[in-house]
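Residue-level listing of the chains:
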Amino acid sequence: MSMLTPPGMGGQYKITGDKYPRMRPARRRGRLAFAGVACVAVLGVLGWGTLQLIDVFTGGDKASAAGAADCVTSARASASPAAAVLPKPGQVTVNVLNATTRSGLAQKTADELKKRGFRVGEVTNAPKEYDKKVTGTGVLLGGPASSVKSALTVLGTQLPGAQSRTDAAREGAAVDLIIGNGFKGLAKPADADAALAELTAPRSTPAAEKKSC
């Protein structure tokens with residue numbers, strides 16, 4: 001062993017100049033180890049990012065599907081008819097009763113109702129309990145059956161402002177139009193038709209109207 005060989009080197013290296021030998025093999029092993037750790041870290045980050053992207057896109061698809069289902073449900077709800085089922089004027093029989101002192105008013109009103117498609121029953125003066133006692137436009141009177149109430153609703157489009165009443169003891173499907181002192185005539189045909197059309201028009205639910213797709 002040369003005197004210039006550092007202890008522990010086993011005579012493998014000899015210093016022939018004025019510089020000590022450098023341990024390059026050890027540095028290569030350190031760089032390789034660092035590179036391996038870096039690769040593992042990069043692969044881990046890429047894998048985690050891939051999973052996140054999959055979750056994002058999967059969740060977005062579910063949200064889009066849910067939104068589309070809501071839109072379909074809303075469209076179906078808005079298309080569902082919710083109109084009241086009412087009889088046609090030809091299915092309603094009206095008795096026209098005059099509770100005023102003006103003669104001929106009941107017959108004139110009955111003729112007009114007939115022109116508008118209603119069936120006309122009795123045309124006469126009002127009974128004592130109503131004669132000269134109706135101060136308003138008029139009274140619409142019928143029995144307690146639901147069909148009679150629907151008939152009163154249809155007849156009410158012809159005489160806005162009239163009071164609708166039911167008599168529990170009354171029988172039959174006919175309804176009475178009792179003319180009061182405030183009566184000035186039936187509604188104009190166009191106005192009456194518009195009121196009836198509004199009652200029978202389909203309606204959508206408020207939630208369906210507010211839904212935006």
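Note: the structure precedes this text.
The sections below set out a description of the structure shown in this document. This is a predicted model, so every value here is computed, not measured. (Residues numbered from 1 in each chain as written. Predicted model: local features only at pLDDT ≥ 70, side-chain atom pairs only at ≥ 80, totals over all residues. Heavy atoms only, no water.)

Helices and strands together make up the secondary structure of the protein, namely five helices and five strands. Starting at the N terminus and walking to the C terminus, you meet the elements of the protein as α-β-α-β-β-α-β-β-α-α. Out of the 213 residues belonging to the protein, those deemed buried represent 25%. Counting only contacts in the protein whose residues sit at least 6 apart along the sequence, the fraction spanning at least 24 positions is 79%. (Helix = DSSP H or I, 4+ residues; strand = E, 2+ residues; numbered from the N terminus. Buried < 20%, exposed > 50% of the residue type's maximum accessible area, 1.4 Å probe, protein only. Contact = heavy atoms within 4.5 Å.)

Bringing helix α3 (residues 146-156) into the picture now. Considered for burial, the residues of α3 that qualify are Val148, Ser150, Ala151, Leu152, Val154 and Leu155. Looking at the buried side of α3, the elements it contacts are β1 (93-98), α2 (105-115), β3 (138-142), β4 (163-166), β5 (175-179) and α4 (189-200).

Attention shifts here to the pattern of salt bridges. Scanning the entire structure with this criterion turns up three salt bridges. Lys132 is the salt-bridge partner of Asp131, the closest N and O atoms lying 3.3 Å from each other. For Lys132, a relative accessible area of 52% corresponds to the exposed category. (Salt bridge = Lys/Arg side-chain N within 4 Å of Asp/Glu carboxyl O.)

Counting buried residues in β3 gives five out of five residues, a clear majority hidden from the surface. Of the strand pairs in this sheet, β3 and β5 are connected by four bridges, and their pairing is antiparallel. Residue Val139 lies in a different strand from β5, and its bridge partner there is Ile178. With four bridges connecting them, β3 and β4 associate as parallel partners. The residue of β4 that forms the bridge with Gly142 is Thr166. In the classification by handedness, the crossover that spans β3, the intervening α3 and the parallel β4 is right-handed. (Pairing = 2+ DSSP bridges. Right-handed = clockwise from strand over helix to strand, strands pointing away.)

This part covers the side chain of Thr109. Along the chain, the position of Thr109 falls in helix α2. For Thr109, a relative accessible area of 4% translates into the label buried. Ignoring sequence-local partners within four residues, the contact set of Thr109 consists of Val96, Ile179, Phe183 and Leu186.

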